[in-house]
Amino acid sequence: MGGMPNGWASQVLTIPMVSGVTWSLTAGDLMIGFGLACLFFEVLKSTNTGRSSVIEHMLSTLVFVIFLVEFLLVGACASSVFFILMLMAIFDVVAGFTVSITSAGRDVTMG
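Remember, predicted model here, so these are calculated numbers, not experimental data.

S.K.: Which parts of the structure should I look at to understand the overall build of the chain?
M.R.: Along its length, the chain carries 3 helices and 2 strands. In the chain, the succession of helices and strands from N to C terminus is β-β-α-α-α. Within the chain, counting contacts between residues at least 6 apart in sequence, those at least 24 apart form 47% of the total. Element-wise, carbon and sulfur atoms account for 73% of the exposed surface of the chain, whose accessible area totals about 7,600 Å².

Take a look at the structure:
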C-alpha cells in the first residue's frame, strides 16, 4: 500500500455488467470480503464452550485493541476499509461474549 490509505482503492478486477456499466473490485473490497468470511468462522467457533473459550475471548479482544491502535496511530490504516475491519473485530468480541454468557446461563441448574 506504500504507507498510504488510498492504496486500498486500487482496482483488482473489472467486470462488465449486463446493464452496460462496469463493476470494479478493489483491494479494499477483497479485504472486507475476506474479513467477513473470517468473522463467520470466528462466530461459529464462539459457540463452543469450554476452557479454551476464555483464551479465544482474550485473543479477540487483543485483535480489536491492535486494530484500534493502528487505526488511530498508523497513517496507512486511516481508511474506511480498515475502519470496517475494526468494526468486524469489535463485533466478534461482543458476539463471543454474548454467546458465552447466554450458554453459561443455560448451564446453571436450580434445584
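S.K.: I keep staring at the environment of Gly28 and nothing clicks. Help me out?
M.R.: Looking at where Gly28 falls in the secondary structure, it is placed in helix 1 (residues 27–46). A sequence separation of 20 residues divides Gly28 from Trp8, and the C-alpha atoms of the two residues are 4.6 Å apart. Sequence-distant contacts of Gly28, defined by excluding residues within four places in its chain, comprise Trp8 and Val81.

S.K.: So what exactly am I meant to see when it comes to the confidence of the model for the chain here?
M.R.: Note that predicted coordinates carrying low pLDDT should not be read in detail. Chain-level statistics for the chain give a pLDDT mean of 83 and a share of 86% at 70 or above. Within the chain, helix 3 (residues 80–107) has the poorest average pLDDT of any element, 82, and strand 2 (residues 22–26) the best, 90.

S.K.: Would you mind showing me how to read the layout of surface pockets here?
M.R.: Size it by volume and the largest pocket reaches roughly 350 Å³. As for the largest pocket, its lining consists of 15 residues, and the residues nearest its centre are Gly35, Cys38, Val63, Phe67 and Ala89. Those elements giving two or more residues to the lining of the largest pocket turn out to be helix 1, helix 2 (52–73) and helix 3. Split into classes, the residues belonging to the lining of the largest pocket amount to 10 nonpolar, 2 polar and 3 charged. A volume near 150 Å³ is recorded for the second largest pocket. Among the elements of the structure, helix 1, helix 2 and helix 3 are those that each provide at least two residues to the lining of the second largest pocket. Per-element accounting of the lining of the second largest pocket gives the leading share, 5 residues, to helix 2. Of the residues assigned to the lining of the second largest pocket, the class counts are no nonpolar, 7 polar and 4 charged.

S.K.: I'm lost on the pairing of strand 2 in this one. Help?
M.R.: If a strand is regular, its side chains alternate between the two faces of the sheet. Bridge count between strand 1 (residues 11–16) and strand 2: 5 bridges; the pairing is antiparallel. Among the inter-strand pairings, Leu13 is bridged to a residue of strand 2, identified as Leu25. Hairpin geometry of strand 1 and strand 2 is characterised by an intervening segment of 5 residues between the two adjacent antiparallel strands and by a positive phi of about 105° at Gly20.

S.K.: How should helix 2 be read in this particular structure?
M.R.: Along an α-helix, a turn takes 3.6 residues, which lines up residues three or four apart on a common side. Its 22 residues give helix 2 an end-to-end C-alpha distance of 32 Å, which sits within 8% of 32 Å, the value for a rise of 1.5 Å per residue. Of all the residues in helix 2, the buried ones are Ser53, His57, Ser60, Phe64 and Phe67. One side of helix 2 carries all its buried residues, which in axial view fall inside an arc of 85°. Exposed residues lying more than 90 degrees from the buried face of helix 2 are Ser52, Ile55, Met58 and Leu73.

Parameters at a glance
Residues numbered from 1 in each chain as written. Predicted model: local features only at pLDDT ≥ 70, side-chain atom pairs only at ≥ 80, totals over all residues. Heavy atoms only, no water. Helix = DSSP H or I, 4+ residues; strand = E, 2+ residues; numbered from the N terminus. Contact = heavy atoms within 4.5 Å. Areas by Shrake-Rupley, 256 points an atom, 1.4 Å probe, with all protein chains shown as cover. pLDDT = per-residue confidence, 0-100. 1 Å grid on protein atoms, 1.4 Å probe; cavity = no way out; pocket = protein on both sides within 12 Å on 5 of 7 lines; lining within 4 Å. Points joined across faces, edges and corners; volume = space filled by probe spheres on them. Nonpolar A, V, L, I, M, F, W, Y, C, P; charged D, E, K, R; others polar. Pairing = 2+ DSSP bridges. Expected span 1.5 Å × (residues − 1). Buried < 20%, exposed > 50% of the residue type's maximum accessible area, 1.4 Å probe, protein only. Arc of directions from axis to C-beta.

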